[in-house]
Amino acid sequence: MLVHQIFDLLDRQGLDAIDPAALIAHFDASRHPEVQARARTPQEVQKEFLDTFDVGGVQPGMITREEFVRYYTNIAAAVNDDNYCAVCGISLKRSLPVL
């Protein structure tokens, strides 16, 4: 599953949890429509993005695999176009270094 592959690339230490900073490093908020319209800053969009994860649940301050998969499962359910979800996942995956 692509979501697990992406998580594994972000989980560089093999802790089954990722630091939010590692995720944000690969999240280009400048392409968000509200940032482009100058209605919000990239930092506001990044904070909102991180707030959608249940950071602090099982491993405080980290995003667990379960939280990561749940987020993308919810996104996929809200988007009617599977190709769009795949493109988003592949785009993130391409921005990550090969291990």
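What comes next is a walk through the structure.

Conventions used here
- Residues numbered from 1 in each chain as written.
- Predicted model: local features only at pLDDT ≥ 70, side-chain atom pairs only at ≥ 80, totals over all residues.
- Heavy atoms only, no water.
- Helix = DSSP H or I, 4+ residues; strand = E, 2+ residues; numbered from the N terminus.
- Polar contact = N/O pair within 3.5 Å; in protein donor to acceptor, adjacent residues only side chain to side chain.
- Contact = heavy atoms within 4.5 Å.
- Salt bridge = Lys/Arg side-chain N within 4 Å of Asp/Glu carboxyl O.
- Buried < 20%, exposed > 50% of the residue type's maximum accessible area, 1.4 Å probe, protein only.

**Side note on the side chain of Arg40**
Following the sequence through the fold, Arg40 ends up in the loop between helix H3 (33-36) and helix H4 (42-51). Of note is the side chain of Arg40, whose polar atom sits 3.1 Å from the side chain of Glu34. Within the structure, Arg40 has its side chain in polar contact with the side chain of Glu48 (distance 3.2 Å). Not counting the four nearest positions on each side in its chain, Arg40 is found in contact with His32, Glu34, Val35, Val45 and Glu48.

**A short note on the pattern of salt bridges**
A full pass over the atoms with the stated rule returns six salt bridges. The residue Glu34 makes a salt bridge to Arg40 at a minimum N-O spacing of 3.1 Å. Where Asp51 meets Lys47, a salt bridge forms, and the shortest distance between an N and an O atom there is 2.9 Å. Pair noted here: Asp51 and Lys47 are both in helix H4, with a separation of four residues, about one helical turn. Classification of Lys47 as exposed rests on a relative accessible area of 52%. Through salt bridges that share partners, Asp8, Asp16 and Arg65 make up one connected network.

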